[in-house]
Amino acid sequence: MDFAGVGLLDGLKGKQREDRLRYLEGLADEGFSLDEMVAAAAENRLALLPVERALGGQYTGEEFEQRAGVPVELMLSLRRQIGLPDADPEERIFTDEDVVAARSVQQFLDSGFSEKSIDEINRVLGEAMARVSSVTVRGFGESFLKPGDTEQEVAWRFAELSQKLVPALDPVLTAAYRAHLRDWVRVAMLSPDELATGQLAGEIEMAVSFADLVGFTRLGGELQAGELDEVVSTFARLAAEVAGSRVRLVKTIGDAAMFASSEPDRLVDTALELLEAAE
């Protein structure tokens, strides 16, 4: 491959050029095309190509249908619902996990779950997983990136670690989901009218509380990015700690937290506890 001819060695001299050339040759040996390398280099993600492949798919749309026993259109719809871009079913974008997921969704539909409910679950799931993935990627880099690393060292180290650690996160996600589901069921109620009509009430009475950090915008101009992240992380941790069985932490966004409860007095107590914890 003519790495120099397509600009992959531009601006590099001495050891840097030698390291890049060695890495590019390694990518070529692993089956990466020159077009893939050029596109990745243009987006400053050349060192992440092996990780991308490690997390990528193995099956085309046709192969997916053969394994899952459901139309590939179902999986493409699920991808859109969770916020992923449209995909070409001719590409190898589908994984074994996609096969299992599609079968599971079909099982929900066959059991009588409405398509509207499935859509809503997937939309919320996509929002949550986007945040989890973002934090995971950041933690991965902070934990395993070393001073003076070359692209080659980062690429193969990250690819190997991702293959080991990503599957290890699956039980954590499942356990968190089941625990939250159990907690919601524990505080849920079914009224006599709902039992009689077979329909849930269109609305429920809730109290909502918002809390945010005073002077956060000013802090943003005074602290380094890492220090500001620590402030946000600490605030989110405190918000989670003060929430109780009757008060739910709905979400945190930067310097703000949203709580909800059917018991206003408990919500007020929680707000005061957060204020005390922050001080």
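Report on the accompanying structure. (Residues numbered from 1 in each chain as written. Predicted model: local features only at pLDDT ≥ 70, side-chain atom pairs only at ≥ 80, totals over all residues. Heavy atoms only, no water.)

**Some details on the packing of aromatic side chains**
Consideration 1: Using the criterion set out here, one finds five aromatic pairs in the structure.
Consideration 2: Between Y23 and W156, the aromatic rings sit 6.3 Å apart at their centres with planes inclined by 70°, giving edge-to-face as the arrangement. Pair noted here: Y23 is in helix 1 (residues 14–29) and W156 is in helix 8 (residues 151–187), with a separation of 133 residues, a long-range link.
Consideration 3: Here Y23 falls in the buried class, since its relative accessible area comes to 0%. (Phe/Tyr/Trp six-rings, centres within 6.5 Å; stacked < 30°, edge-to-face > 60°. Helix = DSSP H or I, 4+ residues; strand = E, 2+ residues; numbered from the N terminus. Buried < 20%, exposed > 50% of the residue type's maximum accessible area, 1.4 Å probe, protein only.)

**Some points on the pattern of salt bridges**
Consideration 1: Tallied over the entire structure, the rule returns 16 salt bridges.
Consideration 2: A salt bridge links D19 to R22, with the nearest nitrogen and oxygen atoms 3.1 Å apart. Within this pair, D19 and its partner R22 are both found in helix 1, separated by three residues, close to a single helical turn.
Consideration 3: Assessed through its relative accessible area of 42%, R22 is described here as partly exposed.
Consideration 4: For R266, the salt bridge identified is with E263, shortest N-O distance 2.5 Å.
Consideration 5: Taking the relative accessible area as the measure of exposure, R266 reaches 40% and is therefore partly exposed. (Salt bridge = Lys/Arg side-chain N within 4 Å of Asp/Glu carboxyl O.)

**A look at a nonpolar patch on the surface**
Consideration 1: Residues V132, L169, V172 and L173 make up a contiguous nonpolar surface patch of about 260 Å² in total accessible area.
Consideration 2: On the secondary structure map, V132 appears in helix 7 (residues 115–144). (Patch = residues over 30% accessible without salt bridge, like charges linked within 9 Å, V, L, I, M, F, W, Y side chains within 5 Å. Areas by Shrake-Rupley, 256 points an atom, 1.4 Å probe, with all protein chains shown as cover.)

**So, the packing of helix 4 (residues 61–68) against helix 6 (residues 96–110)**
Consideration 1: With their axes 9 Å apart at the nearest point, helix 4 and helix 6 run at an angle of 55° to one another. Considering the angle they form, helix 4 stands oblique to helix 6. Crossing of helix 4 over helix 6 shows right-handed handedness. On the side of helix 4, the interface is formed by F64, R67 and A68, while helix 6 contributes D98, V99, A102 and R103.
Consideration 2: In terms of residue class, the contact of helix 4 with helix 6 is built from four nonpolar, no polar and three charged. (Axes fitted to C-alpha atoms, helices over the stretch in contact; angles between N-to-C directions. Parallel < 35°, antiparallel > 145°, perpendicular 65-115°, else oblique. Left-handed = near helix turned anticlockwise from the far one by under 90°. Contact = heavy atoms within 4.5 Å. Nonpolar A, V, L, I, M, F, W, Y, C, P; charged D, E, K, R; others polar.)

**Description of helix 5 (residues 72–81)**
Consideration 1: Those residues of helix 5 not exposed but buried are V72, L74, M75, L76, L78 and R79.
Consideration 2: Turning to helix 5, the residues buried within the fold contact helix 4, helix 6 and helix 7.

**Overview of unusual backbone geometry**
Only a minority of non-glycine residues have a phi that is not negative, and only a minority of peptide bonds are not trans.
Consideration 1: Even without being glycine, N44 reaches a positive phi, approximately 55°.
Consideration 2: Mapped onto the elements of the fold, N44 is located in the loop between helix 2 (34–42) and helix 3 (49–55).
Consideration 3: Classification of N44 by relative accessible area gives exposed; the value is 74%.

**Considering the sheet that holds strand 3 (residues 256–261)**
Consideration 1: Pairing is antiparallel across the open sheet formed by three strands, whose spatial order is 1-3-2. Each edge of the sheet is formed by a strand with only one pairing partner; in this case those strands are strand 1 (207–212) and strand 2 (248–253). Direction aside, the axes of adjacent strands within the sheet are offset by 20° on average.
Consideration 2: Where helix 11 (residues 225–242) meets the sheet, it contacts strand 1, strand 2 and strand 3, and its direction lies at approximately 10° from that of strand 3.
Consideration 3: Across the sheet, helix 12 (residues 264–278) touches strand 1 and strand 3, and the angle it forms with strand 1 is around 10°. (Pairing = 2+ DSSP bridges.)

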